[in-house]
Amino acid sequence: MRVLIDLTRCQGYGQCAFLAPDLFTMHGNEAVLYDPDPDDSQRENILRAAAACPVQAMHVDRMIVQHRHTPGPDSQGAAAFKRDGRIVIVGASLAGARAASVLRREGFTGSLTVIGDEAHAPYDRPPLSKRVLTGGVPAEHTTLPRLKKQIEGEWLLGAPASGLDLARKVVRLADGREVPFDKVLIATGTRARPWPHADQAALEGVHLLRSMEDSDALRQALARRPNRVLVIGGGFTGSEVASVCRELDLPVTVIERGSAPLSGALGGVIGKIAADLQRENGVDLRCGVSVTELQGDADGRLRGAVLSDGATVEAEVAVVALGAIRNVEWLHDSGLAASMWGVACDAGCRAVDVNGLVTDDVFVAGDIARFPHPAFGYQFMSLEHWGNALNQAEIAAHNMVSDQARRWPHLSMPVFWSTQFGVNIKSVGVPTFADQVMIAQGSPAERRFVAVYGYQGRITAAVMFDHGIWLDFYQRLIERAAPFPVDFRHADQAANDKPVAAQTPERIMPAAGATVVVTGHDPAERRVSFMRISP
């Protein structure tokens, strides 16, 4: 059987851990850890736990389905497309799999093809940096619930896409095949950013963490009890790896070139709290420096690193956690507005071409999508969040088979979570959009609080440390453009609740990447093309 917990909804009540303690455990006060692929002999306990969950966050033997109102009668064209159309999904990811499931649920009975560059069926990535690394569950247990069995269609796995021809309406594969479509969904996501020096990256002991194979290889390396683990990058992935190392009682050094871990996503104020949390748990955290060289021995095994301040760190394992690269290279000649920032689309997930025109047969969802959000000044944003991939894929799938009058906008509020050092961290909204932050509830010293972010007098985000029960409350405040600073009262009102500068990163305008060239003289003939300059 398959189990999936929507951790954006989970509020840490712990009923599952009480009713099925062999399968669910509470890591700290609120974070739930579990095996997504338990033995069928535990079915009764699992079903009891699912029924007892106060927020119904647990789903057994199926993908999460958010039941919406039944749409009205289709127009004649939409009905014909549902029956006879050809849809291709490029990316056998969480977003791609979710979209395929929703298409069938929406009544699409036409040809459906899912293309994936990995040989695996779609799987869930968050456990790879948590339960898999500790050895709690094997990597293969992260496969999403019964997807290929439930979704009738052609699954072309291990077949990377190499090009998109919009004029001929075909997806080109790396092996030379072409897959025709009437509509296509782009959900190719991201990959881990590698260490920039290939010879150093090839040293035995240097790891990335993105795929199922990456996670399994790193788990085996940690199981060999290295003398020290070096984590390069203090973002969420790097911090979670450091947390696992300390849970395994392994010495770990985290190198973060910013002022504090997580500061790029949550700002310097909360980043400082995260830094204190790491050091309290025995992490050798070094901020404001970077790794300039990875060093190996004569046998090609990692032995340590040289830092920008001249210091050295001895380590047998290094985890490169420098962020992600969006998989857009296969789209360079497609005519779509695809760059290092993602593939631009409108709020209905329809792709934008290089001329700024919205297409009607190309859709985008997941980590690769760059879309405008009305709640944040229509700023284009790309979100590498589990919940965004799920929700945006549902919107894209619905809109692919609906006429213009019945399409939905993607207005879901960004939500993500992380489990580190026994603390459950949740965020709603966009913290980096803010200029101020205040502790509205709880106590940072106790690592149990709510930080509320504001911009120009409105709430834009909230971050919770072991206070996840308040996520829905603050989400509604953000959606209603509630005023900032907050002035409501709670039983755990923070003692010092005055706003301070959030210390968020300077906003970077997406000007890097391809240069736009405008051609033509007559207004009706002017067109845009990309001129790519090699660095």
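A brief look at the structure comes next. Remember, it's a predicted structure, so these values are computed and weren't measured experimentally.

1. Description of the overall build of the chain
Then, in step 1: Check the secondary structure of the chain and you find 13 helices and 35 strands.
Then, in step 2: Within the chain, buried positions represent 54% of all 535 residues.
Then, in step 3: In the chain, 64% of the contacts between residues at least 6 apart in sequence involve partners at least 24 apart.
Then, in step 4: Accessible surface, the chain: about 22900 Å² in total, of which carbon and sulfur atoms supply 50%.

2. Considering the side chain of Lys82
Then, in step 1: Mapped onto the fold, Lys82 is located in helix α3 (residues 76–84).
Then, in step 2: A relative accessible area of 10% places Lys82 in the buried class.
Then, in step 3: One polar contact links the side chain of Lys82 to the main-chain carbonyl oxygen of Glu106, over a distance of 2.9 Å.

3. A short note on the pattern of salt bridges
Then, in step 1: Summed over the entire model, instances satisfying the criterion amount to 25 salt bridges.
Then, in step 2: The partner of Glu329 in a salt bridge is Arg191, with the nearest N and O atoms 2.8 Å apart. Of this pair, Glu329 sits in the loop between β21 (324–326) and β22 (338–339) while Arg191 is found in strand β12 (residues 190–192), placing the two residues 138 residues apart along the sequence.
Then, in step 3: As a salt-bridge pair, Arg286 and Asp284 come within 3.1 Å of each other at their nearest N and O atoms.
Then, in step 4: Of the residues examined, Asp284 reaches a relative accessible area of 25% and is grouped as partly exposed.
Then, in step 5: Here the salt bridges share partners, and the residues they tie into one network are Arg98, Arg105, Glu106 and Glu394.

4. A word on the environment of Arg228
Then, in step 1: Looking at the secondary structure, you find Arg228 in the loop between α8 (212–223) and β14 (229–232).
Then, in step 2: By relative accessible area, Arg228 is classed as partly exposed at 25%.
Then, in step 3: It is 7.0 Å that separates the C-alpha atoms of Arg228 and Glu314, two residues lying 86 residues apart in sequence.

5. A short note on the sheet that holds strand β19 (residues 312–314)
Paired through their backbone hydrogen bonds, the strands of a sheet run either parallel or antiparallel.
Then, in step 1: In spatial order, the strands read β17-β18-β19; together these three strands make up an open sheet with antiparallel pairing. Of all strands in the sheet, those with a lone pairing partner are β17 (291–296) and β19, marking the two edges. Each adjacent strand pair in this sheet contributes to an overall mean axis angle of 20°, direction not counted.
Then, in step 2: Sheet topology note: the strand β18 (residues 302–307)/β19 ladder contains three bridges and is antiparallel.

6. Focus on the sheet that holds strand β24 (residues 350–352)
Then, in step 1: Reading across from one edge, β7-β6-β5-β11-β25-β24 is the order of the six strands in this open sheet, with mixed pairing throughout. Of all strands in the sheet, those with a lone pairing partner are β7 (154–157) and β24, marking the two edges. On average, each strand axis in the sheet is inclined to that of its neighbour by 30°, with strand direction left out of account.
Then, in step 2: With four bridges joining them, strand β5 (residues 86–90) and strand β11 (residues 183–186) adopt parallel strand pairing. Counted as the bridge partner of Ile89 is Leu185 from β11.
Then, in step 3: The strands touched by helix α4 (residues 94–105) are β5, β6 (111–116) and β11; relative to β5, the strand with the most contacts, the crossing angle is about 160°.
Then, in step 4: Packing against the sheet, helix α12 (residues 386–400) makes contact with β5, β11 and β25 (358–364), and its axis sits at approximately 140° to β25.

7. Comments concerning the pairing of strand β3 (residues 31–34)
Then, in step 1: In β3, alternate side chains face the same way, and those of Ala31 and Leu33 on one face and Val32 and Tyr34 on the other are all buried.
Then, in step 2: Relative to β3, strand β2 (residues 24–27) runs antiparallel, the two sharing four bridges. Across the sheet, His27 pairs through a bridge with Ala31, a residue of β3.
Then, in step 3: Between β2 and β3, which pair antiparallel one after the other, the connecting turn spans three residues, and Gly28 there sits at a positive phi close to 85°.

8. Quick notes on unusual backbone geometry
In terms of backbone geometry, most residues other than glycine have negative phi values and most peptide bonds are trans.
Then, in step 1: Cis geometry is adopted by the peptide bond preceding Pro485, which originates at Phe484 and carries an omega value of 5°.
Then, in step 2: By the element assignment, Pro485 lies in the loop between α13 (471–479) and β33 (500–501).
Then, in step 3: A positive phi is found at Asp466, a non-glycine position, where the angle reads about 50°.
Then, in step 4: Within the fold, Asp466 resides in the loop between β32 (458–465) and α13.

9. Examining empty space enclosed by the protein
Then, in step 1: Scanning the entire structure with this criterion turns up five cavities of 30 Å³ or more.
Then, in step 2: Of the volumes computed, that of the largest cavity is approximately 150 Å³.
Then, in step 3: Lining the largest cavity are 15 residues, with Leu7, Tyr34, Pro126, Pro127 and Lys130 sitting closest to its centre.
Then, in step 4: At the level of secondary structure, the elements contributing two or more residues to the lining of the largest cavity comprise β3 and β28 (415–420).
Then, in step 5: Looking at which element gives the most residues to the lining of the largest cavity, the answer is β3, with three residues.
Then, in step 6: A class-by-class count of the residues in the lining of the largest cavity yields eleven nonpolar, one polar and three charged.

10. A closer look at the nonpolar core
Then, in step 1: With 54 residues, the main nonpolar core has Ile5, Phe24, Met58, Ile87, Ile89 and Leu103 as its most contacted residues.
Then, in step 2: If we ignore the near neighbours within four places in the chain, the residues touching Phe24 are Val3, Ile5, Cys16, Ala17, Leu33, Tyr34, Ile46, Ala49 and Met58.
Then, in step 3: In terms of nonpolar packing, the next biggest core, distinct from the first, is built from 48 residues, Leu173, Met413, Met464 and Leu477 among them.

11. A closer look at α12
Then, in step 1: Relative to the 21 Å expected for 15 residues at 1.5 Å per residue, α12 spans 21 Å between its end C-alpha atoms, a close match to the ideal helical length.
Then, in step 2: The buried count for α12 comes to 15 of 15 residues, which makes it a mostly enclosed element.

12. Some remarks on α4
Then, in step 1: For α4, which comprises twelve residues, the first-to-last C-alpha distance of 16 Å matches the rise-based estimate of 16 Å (1.5 Å per residue) to within 8%.
Then, in step 2: Taken across its twelve residues, α4 has ten buried, putting it largely inside the fold.
Then, in step 3: Listed in full, the buried residues belonging to α4 are Leu94, Ala95, Gly96, Ala97, Arg98, Ala99, Ala100, Ser101, Val102 and Leu103.
Then, in step 4: Gly107 occupies a position one or two residues after α4 and carries a positive phi of about 95°.

Scoring rules and cut-offs
For every chain, the first residue of the written sequence is number 1, and numbering continues from 1 onward in sequence order. Owing to the predicted nature of the model, reporting of local features is limited to residues with pLDDT of at least 70; listing and counting of side-chain atom pairs is limited to 80 or more, with chain, interface and lining totals taken over all residues. To get the side-chain values, all heavy atoms of the structure are used, and hydrogens and water are removed first. Starting at the N terminus, helices and strands are each numbered in turn, a helix being any DSSP run of H or I of at least four residues and a strand any DSSP run of E of at least two. Only protein chains enter the calculation, and the probe is 1.4 Å; a residue is then buried if its accessible area is under 20% of its type maximum, exposed if over 50%, and partly exposed in between. The contact rule is simple, with two residues in contact once any of their heavy atoms fall within 4.5 Å. Here the accessible surface of atoms and residues is derived via Shrake-Rupley with a 1.4 Å probe, and residues count as covered only by protein chains that are part of the display. A 3.5 Å cut-off defines polar contacts: any pair of N or O atoms within that distance qualifies, except that in protein one atom must be a possible hydrogen donor and the other a possible acceptor, and neighbouring residues in sequence count only when both atoms are side-chain atoms. A pair is scored as a salt bridge if a Lys or Arg side-chain nitrogen falls within 4 Å of a carboxyl oxygen belonging to Asp or Glu. Strands were regarded as paired on the criterion that DSSP finds at least two bridges between them. Axis geometry follows a simple rule: fit a line to the C-alpha atoms, using only the stretch in contact for helices, then measure angles between N-to-C directions, giving values from 0 to 180 degrees. As defined here, a cavity is a set of points on a 1 Å grid over the protein atoms alone where a 1.4 Å probe fits but cannot get out. A pocket is an open set with protein on both sides within 12 Å along at least five of seven lines, and residues line them when an atom is within 4 Å of a point. Grid points are joined across faces, edges and corners, and a volume is the space filled by probe spheres set on the points. By the convention adopted, Pro, Cys, Tyr, Trp, Phe, Met, Ile, Leu, Val and Ala count as nonpolar, Lys, Arg, Asp and Glu as charged, and the other residues, Gly among them, as polar. Nonpolar cores are built from buried Ala, Val, Leu, Ile, Met, Phe, Trp, Tyr and Cys residues. Side-chain atoms within 4.5 Å join them into one set. To estimate the expected span of a helix, subtract one from its residue number and multiply by 1.5 Å.

Coordinates in, geometry out; function isn't part of it.
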